[in-house]
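Topology and contacts: notes
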Amino acid sequence: MTRKQRRLTMIGGSLAVLAIAAALVLNAMRDSIVFFSTPTMLAEKPVAAGKRFRLGGLVQPGSLVRGDNLAVTFQVADGSNTLPVAFKGILPDLFREGQGVVAEGALDAAGVFKADTVLAKHDETYMPKEVADALKKQGHWKDDYGAKKPDYSATPAAAAQGPSPAKQGVSQ
Amino acid sequence: MIAESGHYALVLALALALIQSTVPILGARWRDPALMNVARATALAQLLFVAASFAALAALYITSDFSVVNVYENSHSTKPLLYKITGVWGNHEGSMLLWVSILALFGGLVAAFGNNLPLSLRAYVLAVQGWIASAFYLFILITSNPFLRIASPPIEGRDLNPVLQDIGLAVHPPMLYLGYVGFSISFAFAVAALLEGRIDAAWARWVRPWTLVAWIFLTLGIAMGSYWAYYELGWGGWWFWDPVENASLMPWLAGTALLHSAVVMEKRNALKVWTILLSILTFSLSLLGTFLVRSGVLTSVHAFATDPTRGVFILLILCIFIGGSLSLYAWRASALKQGGLFAPISREGALVLNNLFLTAACATVFIGTLYPLALEVLTGDKISVGAPFFNLTFGPLFLPLMIAVPFGPLLAWKRGDLLGAAQRLTAAGIAALLAVAMLWAWTRGGNAFAPLAIGLAVFVIAGALTDLTERTGLFRVPFATATRRARGLPRATWGSAFAHAGVGVALIGIVCETTWNSEYIGSMRPDDVAKIAGYELKLGDVTQRKGPNFSEMLARFAVSHDGERLGDMTPSKRNFSARSSSTTEAALLTRGASQLYVSLGETTADGAIAVRIYHKPLVLLIWWGPILMALGGVLSLSDRRLRVGAPKPAKSLRGLQAAE
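Along its length, chain A carries 3 helices and 8 strands. Ordering the α and β elements of chain A from the N terminus gives α-β-α-β-β-β-β-β-β-α-β. When the 172 residues of chain A are sorted by exposure, 44% land in the buried category. If you take every contact in chain A between residues at least 6 apart in sequence, the share linking residues at least 24 apart comes to 55%.

See below:
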């Protein structure tokens, strides 16, 4: 092969791999992306039953009911609307009523959000970012939800870098 | 006093870094050895001052000096000593200090052991290190000073996040940083080569050991982090495709590609321009990782406090370094002469293929990690890209790579013989097919994907062994000859065989764990028995205990398998009063490479405990694989060829190529 042919082979091969990668990405983007929503956003723009999304908000105080065999139900609220959530399994250590939560799953026919993953906030001063943003946008943000930062503006504990287990979650 | 001294030492380090970033460059321009040698002195002095600064912060933590904000925020007087020390980097400010300490350490190492580098190259490399160091010292001093005082000191600190009070924090971040920051050396070498306009095979030989060191630590760091997440989070997951994890995976993928392309450059003087680009990209991805994690931009349940000034500052550093180095690359790369022709089917060709797939895989991770951020900035939509995306993109790209791995080392340089390589891999192929057939029969149909993937892994491992047997002539020549040849093989050959086998081992672990993992979730009372995968776990008593800075609820499980008693497992739930938060301490029982995993949930009003039990077959292989890879890296590193400037042996007995 001449130098030119070799170079063309290399360029052709690279382009082929890149094209495959691009096709894979586009294909995966279509099916495996999960949108985030809050009860109010759902009321405005309903999501079809069975479509997976992430639901964020505050766990409505007094709404947590524990059933048999680790089944739990609770309400997720964002100030104006609430949505019932059903989950079966062990809730994360930091799951509390009145505090932020993100659940992943889908609505069933009855309009109950069947969660298969529940992620709770990380420590006592942290609120999941999506929840905080959504609450702020809807005007339900209270300063005491968020980081109670002292005046010298230091940050609450941040985890070490990397795949550290600073994530509180339950999945099954 | 200690805090002020630490702060002052850091300021001095910044001053030294500024000198180091300018004077040696002038020296190299004017060909003045005295000015060029300034770099060596400043790099060593910088290391001294940063080490002093770090020691000061550590001392503040050990003595629990709560008049310092950082200590107050992240420590507690009752915390065990180990966690007081590791707490130094368990927070933003401290971890940035660790970052620059490691940067200074690498700079110091180049200064101390780079005597055989051409003087001007060393001056340029250390100057580039100086730029990076200056940027990050400024970042720490302006936005994240760990030495700030509180006017009226509180009596007690707020304690370190309980999840981080674990031996994992002692090992994982330093390892990861040694990897991340280690790539700054290959970056500095690349920029130096562009500035000098000169690059040759010797350059690759100097860069390779540094890249290898960084890669070894990054490999171990990622594996360690994954194991930590596995046992600490209490639900048995070991990789979440979380942006924070991806931030460390991307430099690893690019760094792995870099390792391989540097081989081509060193041996064949080809792929120069590409290797330079990869060096730049690898460190850029490390910087991106630092930005993602440290600026708080992530839509992640990882808790990183958001402070826009920090984010903007790191973004600025990121843009200057990535933009600057890429512009320099665009401007100067054409000046570098291409050399070393090779046919597409050759060792070089195989390594190019490796690079293509690794960088394409890296690009998909990049898109999956940054697309949600970009979308949120542009449209305000919040999306999350999770495991399904990465399984659909990353997986298919790794598949051809894995098939190609055994072929690479068997192909000759310049022009290879694919058919010959395939013939020599017949035994490996048969082993793989046997594995597939046996697993197929054993699992009786079931998941078709798992046996195939394991067959592929067996192929990779057997392929690595084939490479060794081919080179030593094992089974063809007398055993004694083969062992003699084995001793004479370059360590790098052993290294690559180990590393490739490690990939296969990890793949077996991943497939077994995800496919045949069984779980039991339910609530149990004392004397209840849970059965899982042939094991019986009987809940004994539940007791309360007091630890140094927590109280815990311990549950004792008696474990037996087919009536044979194996021992006790005692998972617990810890409550940390200082932060009123709790952690789940999983209990692990290891049987071979498999593990039983028990973690506790909440207690119900009637006294039952929610329990999660997993049986994870061959799960440990997931981490043994990376350990094997790192071992391969260490073997490669000990190759005499890479010990540049190693004294030439009096007699070159085996005719090995002596280092220059």
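Residues and elements named next belong to chain B. Where strand S3 (residues 529–532) and strand S4 (residues 535–546) come together, 4 bridges link them in antiparallel fashion. Bridge pairing links valine 529 to lysine 538 in S4. Once S3 ends, the chain turns through 2 residues before running back antiparallel as S4, passing alanine 533 with a positive phi of about 45°.

Residue and element names in this part refer to chain B. Packing of helix H7 (residues 167–196) against helix H9 (residues 243–268) leaves a shortest axis separation of 11 Å and a crossing angle of 45°. As the angle between them shows, H7 and H9 are arranged oblique. Every pair of crossing elements has a handedness; the one defined by H7 and H9 is left-handed. Contacts between H7 and H9 involve Leu176, Tyr180, Phe183 and Ser186 on the former and, on the latter, Ser248, Pro251, Gly255 and Leu258. Tallied by class, the residues present in the contact of H7 with H9 amount to 5 nonpolar, 3 polar and no charged.

Now for the domain arrangement of chain B. A common measure of how large an interface is: the accessible area buried when the components associate. Residue and element names in this part refer to chain B. Per the domain assignment, the segments of chain B are domain 1 (1–165), domain 2 (199–412) and domain 3 (518–616). With centres defined by C-alpha atoms, the gap from domain 1 to domain 3 works out at 42 Å. Between domain 1 and domain 3, the residue contacts involve 8 residues of the former and 8 residues of the latter. Of the residues contributing to the side of domain 1 that touches domain 3, the split by class is 3 nonpolar, 2 polar and 3 charged.

Glancing now at unusual backbone geometry. Residues and elements named next belong to chain B. Of note, serine 64 is a non-glycine position whose phi angle comes to about 50°, a positive value. Mapped onto the elements of the fold, serine 64 is located in the loop between helix H2 (33–62) and helix H3 (69–74). For serine 64, a count of 17 C-beta atoms within 10 Å translates into the label partly exposed. Its identity is not glycine, yet leucine 271 carries a phi of approximately 55°, on the positive side. Along the chain, leucine 271 turns up in the loop between H9 and helix H10 (272–295).

We now examine the pairing of strand S11 (residues 609–616) of chain B. Looking down a regular strand, the side chains alternate between one sheet face and the other. All names here are of chain B. Counting buried positions along S11 gives 8 out of 8 residues, so the element sits mostly inside the fold. By the alternation rule, side chains of S11 split into Ile609, Val611, Ile613 and His615 and Ala610, Arg612, Tyr614 and Lys616, which are all buried. Note: strand S2 (residues 518–524) against S11, 7 bridges, orientation antiparallel. Considered in S11, the bridge of methionine 524 is made with isoleucine 609. Where strand S10 (residues 594–603) hands over to S11, the hairpin turn is made up of 5 residues, of which glycine 607 adopts a positive phi near 90°.

With that settled, consider the sheet that holds strand S9 (residues 587–591) of chain B. All names here are of chain B. Taken in spatial order, the 4 strands of this open sheet run S2-S11-S10-S9, and their pairing is antiparallel. On the outer flanks of this sheet lie S2 and S9, each paired with one strand and no other. For this sheet the average axis-to-axis angle between neighbouring strands, irrespective of direction, equals 15°.

Within the largest apolar cluster, 241 residues are counted, with the highest numbers of intra-cluster contacts made by A:Ala103, B:Val100, B:Leu103, B:Phe136, B:Phe189 and B:Leu253. Examining the composition of this core, we find that 21 residues originate from one element, helix H8 (residues 201–232) of chain B, more than from any other. Every residue in contact with B:Leu103, bar those within four places of it in the chain, is listed here: B:Ile132, B:Ala133, B:Phe136, B:Val181 and B:Ser184. Residues B:Tyr83, B:Val163, B:Leu164 and B:Leu169 belong to the second largest nonpolar core, which totals 5 residues.

Our next topic: the packing of helix H5 (residues 92–113) of chain B against helix H6 (residues 119–143) of chain B. Residues and elements named next belong to chain B. Close contact between H5 and H6 brings their axes to 10 Å; oriented N to C, the two are set at 165°. Classified by the interaxial angle, the pair formed by H5 and H6 is roughly antiparallel. The interaxial crossing formed by H5 with H6 has left-handed handedness. Between H5 and H6, the contacting residues are Met96, Leu97, Trp99, Val100, Leu103, Ala104, Gly107, Val110 and Ala111 on the first element and Val125, Leu126, Gln129, Ile132, Ala133, Phe136, Tyr137, Phe139 and Ile140 on the second. The class makeup of the residues in the contact of H5 with H6 is 16 nonpolar, 2 polar and no charged.

So, about the environment of B:Ser75. Residues and elements named next belong to chain B. With respect to the helices, strands and loops of the structure, serine 75 is situated in the loop between H3 and helix H4 (81–86). The buried category is assigned to serine 75, around which 28 C-beta atoms lie within 10 Å. For serine 75, the contacting residues outside a window of four places in its chain are Tyr61, Ser64, Lys84, Gly87, Gly157, Asp159 and Leu160.

Thresholds applied
- Residues numbered from 1 in each chain as written.
- Chains lettered and ligands numbered in written order.
- Predicted model: local features only at pLDDT ≥ 70, side-chain atom pairs only at ≥ 80, totals over all residues.
- Helix = DSSP H or I, 4+ residues; strand = E, 2+ residues; numbered from the N terminus.
- Buried ≥ 20, exposed ≤ 12 C-beta atoms within 10 Å, placed from the backbone.
- Contact = placed C-beta atoms within 7 Å.
- Pairing = 2+ DSSP bridges.
- Axes fitted to C-alpha atoms, helices over the stretch in contact; angles between N-to-C directions.
- Parallel < 35°, antiparallel > 145°, perpendicular 65-115°, else oblique.
- Left-handed = near helix turned anticlockwise from the far one by under 90°.
- Nonpolar A, V, L, I, M, F, W, Y, C, P; charged D, E, K, R; others polar.
- Domains from an automatic or database assignment.
- Core = buried A, V, L, I, M, F, W, Y, C linked by C-beta atoms within 7 Å.

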